[in-house]
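# Summary of structural features
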Amino acid sequence: MTESPESEDQEPSLPDSGAYRVLARKYRPKTFANLIGQEVMVRVLTNAIASGRLAHAFILTGVRGVGKTTTARIIARALSCIGSDGSGGPTEEPCGQCEHCMAIAEDRDVDVIEMDAASRTGVDDIRELIEGVRYKPVSARYKVYIIDEVHMLSKNAFNALLKTLEEPPEHVKFIFATTEIRKVPVTVMSRCQRFDLRRVDVETLAAHLSRIAEQEGAAVTSRAAMLIARAADGSVRDGLSLLDTAISTESTDGKGEVDETHIRAMLGLADRTQVFDLLDAVMGGDPSAALTLLEELYASGADPVIIIQDLLVLCHWLTRLKVLPEAAEAPEIPEAEAKRGLEIASKLAMPVLTRAWQLLLKGLAEVQNAPSPLVAAEMVMVRLAYSSDLPTPAEIARDLNKDKGGKIKDEAASRSYGGNGGKGQAVPPPLQTASTVAKSETVEPSLKLSTPPMRTPLAP
């Protein structure tokens, strides 16, 4: 069923100021049910609220854009909601209509205090917070303190907060959000209930973007939504920001649909087919064709850094196909790409793929730091092309163990230190025969060391 723009996924309607609201704000979830990709955290929190087992402090961690601040506001709304009739208690499904739900949505609730630790890092700011903890909420059930980017607090600020965080008043709840959980002292984490927000997988995020595009009246193909979701790297906010840009591109283009070509041009991505051709050329030892393809990709707007990243992703996928051929049957992989991937993977040995991965990984750092990324990318292509026909370490070891007749040397003679999986032993010294002993004893007089004669002690 198609939802109207005033969907349940977005915040309650705010006064219309005539300004455009970006999709990341317009479709910010307002209930636990609308959070995507965080099923475990939602289950724990809803059960805790339903059973009344509420912690006094929460800490939310995860990468940017996965919903930490949004979840903190939903928790604050769930704790403060009084229902549409004004007699309700804490609920896992805030009504969104009562005065507290509306006030929190509009950032004007005096009992929900949001603090940005990135700009207020000192101990004086925490002392001000602690002073306010003593007073009861003005009208809500709890006084909720939301501290974003809590890892930015100074050491003294953390120490000043410890005692209050361990034994806060019954009317106070703390909610911390951070992207750098390792920078938060363990003394703080031990006093909080921790939730790790996961990256949203590509399929879930792509479906979410397609649903929002439909509500906005924009035509976005499934492949375009998948490309946006991959570029977002698990961040819902990044995905919605990219979708916002893509819809603007479609509205000015006049074609009426956002397809894969639009997204590749917008993001500076290389065409997937040409990436396959480029890898096939370099692994086939054809530097001329590889440089020609690279120039075509660059002329079409592709970033050299992203081209190398695409080659790395393709190299990793081909390696997976060598180990797990069924990976080609994934639903998000087009049939043509799966067929060609299996074809290329069948021609390349695993040592060749792992060597290509190492060269591309080293080349990526060179392209990122080079004065001219295109020139550095060309050198990476040449290096890959000329290293494609080099023998693998196993082939080199096998050739070294062959005699002039092409036969493998006997095991005792070919054993070397570190061979046989690192368990080999050093080559034993040759046995000394009588002739070798005689030769060793027959030394030229000039090379012999002169030994001083023994002196007899003088008699007393």
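Here the structure is shown first, and the text comes after it.
Here's what I pulled together on the structure shown here.

Counted by the stated rule, this structure contains 4 aromatic pairs. Relative to Phe-195, the ring of Phe-58 lies with its centre 6.3 Å away and its plane at 25°, an arrangement referred to as stacked. Here Phe-195 lies in strand 5 (residues 193-196) and Phe-58 lies in strand 1 (residues 57-61), a separation of 137 residues in the sequence. A relative accessible area of 7% places Phe-195 in the buried class.

Next up on the list: the environment of Val-44. One can find Val-44 in helix 2 (residues 39-51). Looking at Val-44, the relative accessible area reads 37%, which means it is partly exposed. With 151 residues separating them along the chain, Val-44 and Phe-195 place their C-alpha atoms 9.4 Å apart.

Another point: helix 8 (residues 202-215). With 14 residues, helix 8 ought to run about 20 Å at 1.5 Å a step, and its terminal C-alpha atoms sit 20 Å apart, in line with that. All of the buried residues in helix 8 are Leu-205, Ala-206, His-208, Leu-209, Ile-212, Ala-213 and Gln-215.

A few words on the pattern of salt bridges. Taken as a whole and assessed by the stated rule, the structure comprises 20 salt bridges. Between Glu-167 and Lys-163 there is a salt bridge whose closest N-O contact spans 3.8 Å. Taken individually, Glu-167 and Lys-163 each receive the classification exposed, so the pair is uniform in this respect. The salt bridge involving Arg-191 is made with Glu-166; its shortest N-O contact spans 3.1 Å. Within this pair, whereas Arg-191 is found in the loop between helix 7 (186-189) and strand 5, its partner Glu-166 is found in helix 6 (residues 155-166), the two being separated by 25 residues in sequence. The exposure class assigned to Glu-166 is partly exposed, which follows from its relative accessible area of 38%. One network of salt bridges, in which partners are shared, links Arg-223, Glu-260, Arg-264 and Glu-337.

Taken together, the 5 strands give an open sheet; going across it, the order is 2-3-4-1-5, and neighbouring strands pair in parallel fashion. The open sheet has two edge strands, strand 2 (112-116) and strand 5, and neither has a second partner. Strand-to-strand twist of the sheet, defined as the mean angle between neighbouring strand axes without regard to direction, takes the value 15°. Here strand 2 runs beside strand 3 (residues 143-148); their pairing, made up of 5 bridges, is parallel. Among the inter-strand pairings, Val-112 is bridged to a residue of strand 3, identified as Val-144.

Parameters and conventions
The numbers attached to residues start from 1 for each chain and follow its sequence in the written order. Confidence filtering applies because this is a predicted model: local features only for residues at pLDDT of at least 70, side-chain atom pairs given and counted only at 80 or more, and all residues used for totals across whole chains, interfaces and linings. Based on all heavy atoms of the structure, the side-chain values leave hydrogens and waters out of the count. For Phe, Tyr and Trp, rings pair up if their centres lie within 6.5 Å, where Trp contributes its six-membered ring, and each pair is then called stacked (planes under 30 degrees apart), edge-to-face (over 60) or tilted (otherwise). Think of it this way: any DSSP run of H or I at least four residues long counts as a helix, any run of E at least two long counts as a strand, and we number them from the N terminus. The cut-offs for exposure are 20% and 50% of the maximum accessible area for each residue type, with area from a 1.4 Å probe on protein chains only; residues under the lower value are buried, those over the upper are exposed, and the others partly exposed. Here the expected span of a helix is defined as 1.5 Å times the quantity of residues minus one. A pairing counts as a salt bridge when a side-chain nitrogen of Lys or Arg comes within 4 Å of a carboxyl oxygen of Asp or Glu. Strands pair, by our definition, only if DSSP identifies at least two bridges between them. Axes here refer to lines fitted to C-alpha atoms; in helices the fit is confined to the stretch in contact. Angles between the N-to-C directions go from 0 to 180 degrees.

As far as function goes, none of this settles anything; it's purely spatial.
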